[in-house]
Amino acid sequence: MANDYLIRATAENGSVRAFAAVTTDTVETARQAHNTSPVATAALGRLMTGAVMMGADMKDDRDLLTVKIGCSGPIQGLVVTADRNGHVKGYAQNPSVMLPPNELGKLDVGGALDTGVLTVIKDIGLKEPYVGDTILVSGEIAEDLTYYYATSEQIPSSVALGVLMNKENTVRQAGGYMVQLMPGCPEEVAEKLEKKIREAGPVTGMLDKGMSPEQILAAILSGMKPDIKPGKTPVEFRCSCSREKVEQAIISLGVGEIRSMIGEGKPAELSCSFCGKKYQFDTDELRKLMKQAK
């Protein structure tokens, strides 16, 4: 995953802040883990890229960001988690969804999601996590995250996310940027930024040219005294599942459920939703776990 990374920047004396990331290998790892269709790869890849940039704004290594989309479309929903160190994982409820291209000839992510709700959960060590809900405005994910920031956090933002696929359905390029106006940002700075974003064109075009995060932010923030912060945050698909965690999950099912698993007379196999890793438990192991559930 050494190729994927995230950078941060400010501009116009701190009145603008920005993040940009390339996530090609990370999204390809998710595609392989879940065997996602092209449109599911694009949807999951966009949300993972957005979550990586959102997670970079958290303060503590133990903080965790979860972004969920519940929707009426055939993909049925998406779940992604990220931390501040570039670690991200996620899955689509229906990874094999297939749709024809949209009217622009692009992967129809908006059609895959249709209507629904975007939920952002920030577990930052408080008694209760912060939860923000907004409706999906387009289902294209970048616009939905932009709307979330405007309504739930009152931060005017521009989020751009892109996933480009090869003909054999592997990931060719993935990445994006997020630019935000800080409190007290002068109106003329906001107008200048809007103009720059329009001139730069779609982020998929930048990714297709092989532009790095530094080059993307240089284009977006040109003429605005950009200050790209030193240090890159490596980005990678990383799952924290373990046999111990799966054992705890089985114990939490309760005696009755574990007894019915034993009653099937064959090893139980559970797989991690996030990475697809499979864990097997034979009947003797299930009996031990049932004793702990009592």
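Preceding this section is the structure that the text describes.
Residues numbered from 1 in each chain as written. Predicted model: local features only at pLDDT ≥ 70, side-chain atom pairs only at ≥ 80, totals over all residues. Heavy atoms only, no water.

**Q** Which parts of the structure should I look at to understand the side chain of T41?
**A** Here T41 is to be found in helix α2 (residues 38-55). If near-sequence neighbours (up to four positions away) are discounted, T41 is found in contact with V27, R31, T36, V163, M165 and V171. (Helix = DSSP H or I, 4+ residues; strand = E, 2+ residues; numbered from the N terminus. Contact = heavy atoms within 4.5 Å.)

**Q** Help me understand the environment of L207, please; the structure alone is not making it clear to me.
**A** Considering the arrangement of structural elements, one finds L207 in helix α6 (residues 203-208). Using a relative accessible area of 1% as the deciding quantity, one classes L207 as buried. Residues L207 and V22 lie 185 residues apart in sequence; the distance between their C-alpha atoms is 8.3 Å. Sequence-distant contacts of L207, that is, excluding residues within four places in its chain, are made with G162, L164, Q173, A174, G175 and I216. (Buried < 20%, exposed > 50% of the residue type's maximum accessible area, 1.4 Å probe, protein only.)

**Q** Help me out: how do you make sense of the nonpolar core in this one?
**A** Side chains of a nonpolar character, in soluble globular proteins, are inclined to be buried together. Counting 55 residues, the largest nonpolar core has M54, I69, I75, L78, L113 and I141 as the members making the most contacts within it. With 11 residues, the top contributor of residues to this core is α2. Once residues within four sequence positions are removed from consideration, I69 is found in contact with L47, G77, L78, L113, V117, L118, L136 and I141. In terms of nonpolar packing, the next biggest core, distinct from the first, is built from 27 residues, V16, A160, L181 and M211 among them. (Core = buried A, V, L, I, M, F, W, Y, C linked by side-chain atoms within 4.5 Å.)

**Q** For this particular structure, what's the right way to read the layout of surface pockets?
**A** Empty space among the atoms becomes apparent when a probe as large as a water molecule is rolled across them. Of the volumes computed, that of the largest pocket is approximately 760 Å³. If you list the elements that add at least two residues to the lining of the largest pocket, you get α2, α4 (142-152), β8 (157-165), β9 (171-181) and α6. Among the residues forming the lining of the largest pocket, the class breakdown is 14 nonpolar, seven polar and six charged. (1 Å grid on protein atoms, 1.4 Å probe; cavity = no way out; pocket = protein on both sides within 12 Å on 5 of 7 lines; lining within 4 Å. Points joined across faces, edges and corners; volume = space filled by probe spheres on them. Nonpolar A, V, L, I, M, F, W, Y, C, P; charged D, E, K, R; others polar.)

**Q** Can you walk me through helix α10 (residues 283-293) in this structure?
**A** Because each turn of an α-helix spans 3.6 residues, side chains separated by three or four positions end up pointing in the same direction. Three or more residues of α10 are buried, namely L286, L289 and M290. Here the buried residues of α10 occupy an arc of 105° about the axis, which is enough to place them on one side. Facing away from the buried side of α10 by more than 90 degrees, the exposed set consists of K288, K291 and Q292. Where α10 is buried, its residues touch α8 (243-253), α9 (255-263), β13 (268-271) and β14 (278-281). Regarding α10, its N-cap is D282, as a side-chain oxygen of that residue lies 3.2 Å from the backbone nitrogen of D284 further along. (Arc of directions from axis to C-beta. Polar contact = N/O pair within 3.5 Å; in protein donor to acceptor, adjacent residues only side chain to side chain.)

**Q** Can you help me understand the pairing of β14 in this one?
**A** Within a regular strand, side chains alternate between the sheet's two faces. The side-chain alternation of β14 yields one buried face, formed by Y279 and F281, and one unburied face, formed by K278 and Q280. Where β13 and β14 come together, four bridges link them in antiparallel fashion. In the sheet register, A268 faces β14, and the bridge partner there is F281. Counted along the chain from β13 to the antiparallel partner β14, the turn is six residues long, and its residue G276 has a positive phi close to 80°. (Pairing = 2+ DSSP bridges.)

**Q** Help me understand the sheet that holds strand β3 (residues 64-71) in this model?
**A** Remark on secondary structure: sheet strands pair via backbone hydrogen bonds, oriented parallel or antiparallel. Read from one edge to the other, the open sheet built from six strands follows the order β7-β6-β3-β4-β5-β12, with strand pairing classed as mixed. The open sheet has two edge strands, β7 (130-135) and β12 (236-237), and neither has a second partner. In this sheet, β12 lies alongside strand β5 (residues 87-92) in parallel orientation, the contact comprising two bridges. Looking at β12, one finds that H87 is bridged to E236. Across the face of the sheet, α2 comes into contact with β3, β4 (77-82), β5, β6 (116-123) and β12 while running at roughly 30° to β4. In the packing of α4 onto the sheet, the strands contacted are β6 and β7, and the crossing angle to β7 comes to about 120°. (Axes fitted to C-alpha atoms, helices over the stretch in contact; angles between N-to-C directions.)

**Q** Even after reading the chapter, I still don't get the environment of V88, so can you show me in this structure?
**A** With respect to the secondary-structure elements, V88 resides in strand β5. Residue class for V88 comes out buried when judged on its relative accessible area of 1%. A C-alpha to C-alpha distance of 7.6 Å links V88 and V235, two positions 147 residues apart in sequence. When near neighbours in sequence (up to four residues on either side) are disregarded, V88 contacts T26, M48, V52, V80, T81, A82, E236, F237 and R238.

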